[in-house]
Amino acid sequence: MYSKLITVALTFACALAPAGAVIFPRDSNKPHMARDPPPSTAAQVSCNGYQPWQANLAYNGSSSVIYNNQLWTAKQWSYNNGPESSAAEWTQVGCCIEPISNKANCTSIPYWTSGTAYSGGAKAIYNSHLWISTQWTQNNKPGDTSGTWKDLGAC
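Calculation notes
- Residues numbered from 1 in each chain as written.
- Predicted model: local features only at pLDDT ≥ 70, side-chain atom pairs only at ≥ 80, totals over all residues.
- Heavy atoms only, no water.
- Buried < 20%, exposed > 50% of the residue type's maximum accessible area, 1.4 Å probe, protein only.
- Helix = DSSP H or I, 4+ residues; strand = E, 2+ residues; numbered from the N terminus.
- Pairing = 2+ DSSP bridges.
- Axes fitted to C-alpha atoms, helices over the stretch in contact; angles between N-to-C directions.
- Contact = heavy atoms within 4.5 Å.
- Polar contact = N/O pair within 3.5 Å; in protein donor to acceptor, adjacent residues only side chain to side chain.

K.L.:
Give me the pairing of strand E6 (residues 70-74): which residues, what numbers.
P.N.:
Counting buried positions along E6 yields four of five residues, so the element is predominantly enclosed. Where strand E5 (residues 64-67) meets E6, four bridges bridge the pair, whose relative direction is antiparallel. When the bridges of E6 are listed, isoleucine 66 appears paired with leucine 71. Between E5 and E6, which follow one another and run antiparallel, lie two residues, and asparagine 68 among them has a positive phi close to 55 degrees. Bridge count for E6 against strand E8 (residues 90-97) is five bridges, and the pairing is antiparallel. What sits directly across from glutamine 70, in E8, is cysteine 95.

Structure (structure tokens):
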């Protein structure tokens, strides 16, 4: 329960920090506005190149994802457990600095077609996104609940 409350508070703080609407306490009694240089405890990180967390997908330890405008890193193997619901499996790295640039390079990648067999690591374009198969698959559409495809971002 406490981890969910902390996540909600961090999400709220991350969302309002660029607007200067969040006050962070310092060691002294002087308040600190978010538009000022942040105190050492408020991490703002670049999320460029990272993709949003996806349901029905396994993540290895050290995999990083964006979730609620925050960058998270998996502590261990995790399947279908989002950072917000499973604090034991994820570590929050910091709030994402916007704008986030995570466009995928789709040059020379074929479009996904039904009936084609894809080996693990094969790439295909589907719904204007670049996908990579996590294992051998045939007829499983990228983005379905099978977990056989990982979204690498919009083309």
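K.L.:
Tell me about the sheet that holds E8, and name the residues and values.
P.N.:
Ordered by their spatial adjacency, four strands build an open sheet running E3-E8-E6-E5, and the pairing between neighbours is mixed. The open sheet terminates on both sides in strands that have one partner only, identified here as strand E3 (44-46) and E5. The mean angle between the axes of side-by-side strands here comes to 50 degrees, regardless of whether they run parallel or antiparallel.

K.L.:
Give a description of unusual backbone geometry that names residues and reports values.
P.N.:
Its identity is not glycine, yet serine 62 carries a phi of approximately 80 degrees, on the positive side. When you line up the elements, serine 62 lands in the loop between strand E4 (58-59) and E5. Assessed through its relative accessible area of 59%, serine 62 is described here as exposed.

K.L.:
Please provide a residue-by-residue account of the environment of valine 93, values included.
P.N.:
Relative to the helices and strands, valine 93 resides in strand E8. On the accessibility criterion, valine 93 (34% relative accessible area) is partly exposed. Each C-alpha atom, one on valine 93 and one on alanine 43, is 7.3 Å from the other, the two residues being 50 residues apart in sequence. Setting aside its immediate chain neighbours within four residues, valine 93 contacts Ala43, Val45, Leu71, Trp72 and Thr73.

K.L.:
If you had to explain the side chain of glutamine 54 to someone new, which residues and values would you point to?
P.N.:
Among the secondary structure elements, glutamine 54 is positioned in the loop between E3 and E4. In this structure the side chain of glutamine 54 is engaged in a polar contact, spanning 3.1 Å, whose partner is the backbone oxygen of aspartate 151. Residue contacts for glutamine 54: discarding those within four places in its chain leaves Tyr59, Trp131, Trp149, Lys150 and Asp151.

K.L.:
I'd like a rundown of the pairing of strand E10 (residues 123-126), residues and numbers included.
P.N.:
Bridging between E10 and strand E11 (residues 129-133) involves four bridges; their strand directions are antiparallel. In the strand pairing of E11, lysine 123 is matched with isoleucine 132.

K.L.:
Which residues make up the sheet that holds E11, and what values go with them?
P.N.:
Strand order in the open sheet formed by three strands is E10-E11-E13, with antiparallel pairing between adjacent strands. Of all the strands in the sheet, just E10 and strand E13 (149-154) have a single pairing partner and so form its edges. Strand-to-strand twist of the sheet, defined as the mean angle between neighbouring strand axes without regard to direction, takes the value 30 degrees. The pairing of E11 with E13 spans five bridges and is antiparallel. By the bridge assignment for E13, tryptophan 131 is matched with aspartate 151.

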